[in-house]
Amino acid sequence: MKVPLHYNLRSLFVRRSSTLLTIFGIGATVAVLAGVLALQQGFATLFTESGREGLVMFLRPGATNEGDSLWQRDRAERLVKTLPEIATDEDGRPLASIECYLAIRRARVAGGETNVPIRGVEPMSKTLHADVVSVDGQWFKPGADEVVVGEKLVGRIQNCRVGDVIQLNITPMRVVGILKSEGPFASEIWGDLDRILEALNRPTPNRVIARLDAGVSWRELDTRQRKDKEVPAKVLSEREYLTGQTAALSIILLSLGGFLALVMGTAAVFTATNTMLSAIAARTYEIGILLATGFRPIPIFFSFLFESLVLGLLGGAVGCLMALPLNGVETGTTNFQTFTEIAFAFRVTPTVLITSVLFSLVLGLLGGAIPAWRAARLTAIEALRRR
Amino acid sequence: MMRLAWRNLRKHPVRALLTIGSMAVAVFLLCTLISLITTLEAGVKQAGTRRLWIQSAVSLFVDLPTSYESKIQAVDGVARVAKWQWFGGYYQERSNFFAQFAVDPAKLFELWPELEIANGTKESFVGRRDTCVIGQGLADEYGWKVGDVIPIIGGLFAKPDESSWDFEVAAVYRSTKATVDDRTLFFHWENFYETMKSITGTPPNVGVFIVERTPEAEPTSIMATIDGMFENGPQRVQTTTEAEFNLQFVSMIGNLPRFIAFIGAGVLIAIVLATVNTMLMAAREQTHEIGILKALGFADRSVFWYFLGQAVLLCAIGGGIGLAIVQVTSPGLAASMASAFPGYKVLASTYATAGLVALAVGLVAGVIPAWQSSHLNSVNALRAEN
Amino acid sequence: MSEPMIDVRAVSKRYKRGGETLTVLDQLDLQIEPGGFYALMGPSGSGKSTLLNLIGGLDHADGGQVIVDGEDVGRLTGSDLSQWRADTIGFVFQGFNLIPVLTAQENIELPLSLAPISRARRRKNAAYALELVGMSDRATHRPQQLSGGQEQRVAIARAIATDPKVILADEPTGDLDRDSADAVLTLMRRLNEEFQKTILMVTHDPLAAARADKIIQLDKGRLQGIQENSA
Ligand SMILES: Nc1ncnc2c1ncn2[C@@H]1O[C@H](COP(=O)(O)OP(=O)(O)OP(=O)(O)O)[C@@H](O)[C@H]1O
Ligand SMILES: [Mg+2]
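Residues numbered from 1 in each chain as written. Chains lettered and ligands numbered in written order. Predicted model: local features only at pLDDT ≥ 70, side-chain atom pairs only at ≥ 80, totals over all residues. Heavy atoms only, no water.

(A) Highlighting unusual backbone geometry. The residue Asn201(A) is not glycine, and still its phi comes out positive at about 60 degrees. Position of Asn201(A) among the secondary structure elements: in the loop between α5 (193-200) and β9 (207-211). On the accessibility criterion, Asn201(A) (47% relative accessible area) is partly exposed. Backbone geometry places Gln92(B), a non-glycine residue, at a positive phi of 65 degrees. Structurally, Gln92(B) is set in the loop between β2 (78-86) and β3 (99-103). For Gln92(B), a relative accessible area of 54% puts it in the exposed group. (Helix = DSSP H or I, 4+ residues; strand = E, 2+ residues; numbered from the N terminus. Buried < 20%, exposed > 50% of the residue type's maximum accessible area, 1.4 Å probe, protein only.)

So this is what it looks like as structure tokens:
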């Protein structure tokens with residue numbers, strides 16, 4: 001015979017102060033987990049969604065990011081001119097561009113310093129990145145001491161409005177436009193390759209980006225180019241690169257999330273167990289009546305487990321609701337591969353919500369197991385005696 | 001009365017243990033989170049006041065010309081100046097991360113009196129160009145001792161055939177302050193300079209210059225003089241105190257402290273709710289007893305303290321266990337987080353804070369049930385079922 | 001006639017239930033002499049327990065005065081009331097109301113902890129009270145290890161441990177068999193005769209009432225009369 005479930009639901013309602021406290025306790029735990037996951041999702045999607053499979057980049061072999069990768073200028077130019085796989089535009093120019101990249105010190109509007117990436121690009125870069133980058137105002141003129149700044153920098157970093165001047169060592173650069181992008185470019189400053197290198201007093205660009213002819217696999221190119229005698233290079237798609245950039249932080253965040261889930265989850269399971277134990281203690285007599293009327297222990301076990309699962313689920317729902325306002329909240333973090341600061345938003349994605357709810361169910365399940373087991377092991381006589 | 005509280009807690013051992021357990025877990029978590037922040041800030045808090053750091057004003061990744069050294073040395077109030085270069089290599093695997101610096105060997109110990117030699121001698125390090133000195137933490141972790149040769153793969157400064165830089169351990173140091181962690185390898189600037197020159201054909205630059213000012217010199221005027229000296233290039237510099245220099249790395253973690261505070265708040269809310277829950281249950285079950293106590297002549301006030309006492313007792317026990325767990329696990333945690341949080345340490349003040357938080361949770365969680373029970377009508381309480 | 005130990009003057013007690021008011025005690029006057037042993041009888045719901053609670057200061061009257069040993073109970077509040085109760089009143093209940101987690105000895109020590117006496121003294125007093133009720137050999141037993149009659153004797157020991165002037169007993173023999181009830185009643189008599197305790201005992205049992213000096217009859221919140229026990 002099945003124990004009517006509304007019996008359990010009613011019990012949750014009757015003991016509502018206890019139920020509410022447990023729900024909010026589980027909720028707080030779930031909210032923390034969801035918050036960490038939302039941070040990771042926000043960071044990861046920023047990088048991976050803007051990365052394109054069709055665009056490849058060439059780095060120095062052994063480099064893990066643009067900052068590490070230094071090219072001799074002449075070798076980079078040779079690569080662009082000679083590599084047959086690089087596609088060309090209608091005028092026969094190679095669809096490739098040399099870029100330099102450096103994290104520069106900038107003062108925050110709110111005070112303190114941070115590292116902002118500055119990128120020097122050739123005219124072809126604008127074409128190559130056209131699908132992810134647009135501009136508000138003007139684009140900088142080739143050969144001029146002008147820059148465009150990423151939209152995410154505008155309110156956060158000093159001297160980042162159109163008309164301002166950004167000092168690069170001893171060269172002043174005029175801000176002429178705002179660069180817009182969904183991806184990490186929105187946290188960068190862009191200018192002319194030659195002018196930036198000159199201003200920074202650096203001879204070396206950092207990477208070459210290019211579009212390959214249709215049907216060419218970058219993986220095959222990579223295998224070949226690594227062994228090249230003239231210009232050895234590591235080749236990878238932009239998406240591959242950007243995904244790799246998120247790996248370190250993702251691992252940190254996911255292990256932090258896992259650690260927190262484990263530790264806080266333990267505490268939440270304890271609370272749920274407590275609540276269920278007291279719920280059952282208060283109903284020992286009722287359980288006796290159920291047993292005496294012919295209910296079997298197994299259905300009683302499941303009915304209490306169900307009660308605990310409902311508790312967990314409600315806690316999960318509360319936790320998700322608490323985490324939901326985080327969605328879209330802008331925050332900054334450091335990309336530890338390049339030591340630069342990147343602005344991005346928390347993203348409470350379906351993955352985050354589903355993981356959180358599953359987590360809350362696990363909490364409910366674990367919290368209900370022992371009490372339900374106790375309830376099921378009661379004998380009718382024993383339970384009825386405890387009045 | 002306390003005995004009664006104790007007996008009642010023991011009457012529901014599972015519930016008491018679970019509450020104590022959650023409290024212990026929360027205190028452990030809190031201590032760990034706070035320690036992450038204090039560890040990061042230790043370098044700033046304990047920073048030397050005699051040392052000034054000179055770095056490129058443009059970027060963390062831009063080096064300074066070697067020729068700056070003699071110009072800086074000539075500035076009034078500068079007692080010594082030393083070169084300092086981040087090497088960024090790794091041992092065998094990239095994941096075996098620890099810091100290596102190319103330094104002026106003789107000046108290292110003059111500028112950092114907090115470094116004490118634990119094994120080997122200063123002289124053998126200073127005297128031979130292919131040697132290095134390593135921290136006790138590294139020595140313990142990798143089992144290195146004086147005389148061993150450590151092969152380091154150059155990350156930023158790779159040799160053309162990707163072969164390793166080999167450094168013989170001349171000495172092992174121990175650091176008495178958080179300014180230098182004990183997982184660092186220092187080797188000769190000369191070694192770095194000559195090797196790089198032969199690889200690239202051009203002499204390498206200097207990452208950072210470190211100045212020791214004379215005791216009477218005014219730091220702000222030295223900083224202004226040095227910064228002014230290179231105003232027109234070729235590389236502008238930014239001279240800061242050691243605290244500010246370290247702060248730039250701490251601020252890189254950006255919102256982490258706020259983030260940790262958010263997590264900490266979540267933990268606390270969860271734990272307060274759990275304890276309130278337990279205390280409400282206890283209070284509900286003891287309604288009848290409260291009636292008896294009141295009939296016997298116990299004042300509302302006594303009943304209030306009696307319940308508050310139960311909550312605080314639970315939390316104090318849980319907190320104590322939590323602190324014990326922290327004490328036992330912190331060496332292990334420190335070892336496992338050595339690369340991300342070198343010098344991870346739980347401060348005495350952190351223990352105190354967490355302990356106080358545990359008691360505060362007890363108070364907060366106990367107040368509502370205690371107030372409720374102390375205001376129970378004794379006639380009704382006596383009527384309540386046993 | 002000497003000053004009464006308990007002086008109930010025109011006391012009323014009402015309960016509001018939904019819209020209507022239920023008058024449980026109606027302008028009740030009652031004097032109890034010092035050193036008297038009174039039984040309080042009346043049908044169920046007549047207000048006996050309510051009266052006892054008012055005298056013991058567990059509840060407040062809606063009108064009138066309750067004066068016990070010269071103290072106006074209605075004027076006492078908060079911790080003064082509690083302290084007064086601890087000093088003056090000993091309660092004995094039908095359901096014994098011992099604290100289950102404490103031993104017999106500890107249950108008796110509990111009210112003693114309110115008095116400004118040393119621990120050792122507390123022990124001694126509790127032991128003496130236990131001896132008085134003939135339960136010394138059960139000092140370390142928990143309530144659930146005792147029979148009903150034994151529990152009630154421990155409860156009486158607890159009530160007299162602080163040496164109160166007044167003992168209020170609400171159906172002390174209600175849950176007991178004849179023999180246990182007799183033992184408890186004999187004990188009460190002895191407390192009354194040897195220690196001059198003023199006792200007010202609610203009971204439904206005529207045999208129990210017969211052991212008292214006087215029997216008070218209560219009905220519907222009104223005093224029906226007080227009769228002397230001839231026997
Ligand atoms: N808290 C309360 N709220 C409402 N009515 C109450 C309350 N307490 C007592 N009463 C009512 O007051 C009346 C007197 O109750 P009381 O307990 O004094 O009766 P009693 O004479 O002791 O009866 P019994 O012999 O059954 O113990 C009853 O009708 C009871 O229902
Ligand atoms: Mg009654």
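(B) Structural view of helix α8 (residues 219-229) of chain B. All names here are of chain B. What α8 keeps buried is the set Ile 222, Met 223 and Ile 226. Each buried residue of α8 sits inside an arc of 100 degrees when the element is viewed along its axis, so together they form one side. Looking at the buried positions of α8, the neighbouring elements they touch are β1 (51-56), α3 (68-73), β2, β9 (208-213) and β10 (237-241). (Arc of directions from axis to C-beta. Contact = heavy atoms within 4.5 Å.)

(C) Geometry of the nonpolar core. Phe58(A), Ile189(A) and Ile263(B) are the most contacted members of the largest nonpolar core, which totals 122 residues. In terms of nonpolar packing, the next biggest core, distinct from the first, is built from 60 residues, Leu9(B), Val24(C), Trp84(C) and Val202(C) among them. (Core = buried A, V, L, I, M, F, W, Y, C linked by side-chain atoms within 4.5 Å.)

(D) Quick look at the interface of chain B and chain A. Between chain B and chain A, the contact holds 50 residues from the first and 55 residues from the second. For the pair chain B and chain A, the summed buried area comes to about 4,200 Å², and 62% of that belongs to carbon and sulfur atoms. Applying the counting criterion to the chain B and chain A interface returns zero salt bridges. The interface formed by chain B and chain A contains ten residue pairs in polar contact (both at pLDDT 80 or more). With 16 residues, helix α10 (residues 256-285) of chain B is the single largest residue contributor to the side of chain B that touches chain A. Across the side of chain B that touches chain A, the residue classes break down as 27 nonpolar, 17 polar and six charged. (Buried area = accessible area lost by both parts, 1.4 Å probe. Salt bridge = Lys/Arg side-chain N within 4 Å of Asp/Glu carboxyl O. Polar contact = N/O pair within 3.5 Å; in protein donor to acceptor, adjacent residues only side chain to side chain. Nonpolar A, V, L, I, M, F, W, Y, C, P; charged D, E, K, R; others polar.)

(E) Expanded view of the site of ligand 1. Around ligand 1, the structure places 15 residues, and the nearest of them are Ser44(C), Lys48(C), Ser49(C), Thr50(C) and His204(C). Those chains with residues close to ligand 1 are chains B and C. Ser46(C) is positioned with one of its backbone polar atoms (N or O) 3.3 Å from an oxygen atom of ligand 1. Alone, ligand 1 offers 630 Å² of accessible surface; in the complex the protein occludes 74% of this. Breaking the shell around ligand 1 down by element, the ones donating at least two residues are α14 (378-383) of chain B together with β1 (6-17), β2 (20-32) and α1 (48-55) of chain C. Sort the elements by how many residues they give to the shell around ligand 1 and α1(C) lands first, with three residues. Among the residues making up the shell around ligand 1, the classes are represented as three nonpolar, eight polar and four charged. (Near = heavy atom within 4 Å. Areas by Shrake-Rupley, 256 points an atom, 1.4 Å probe, with all protein chains shown as cover.)

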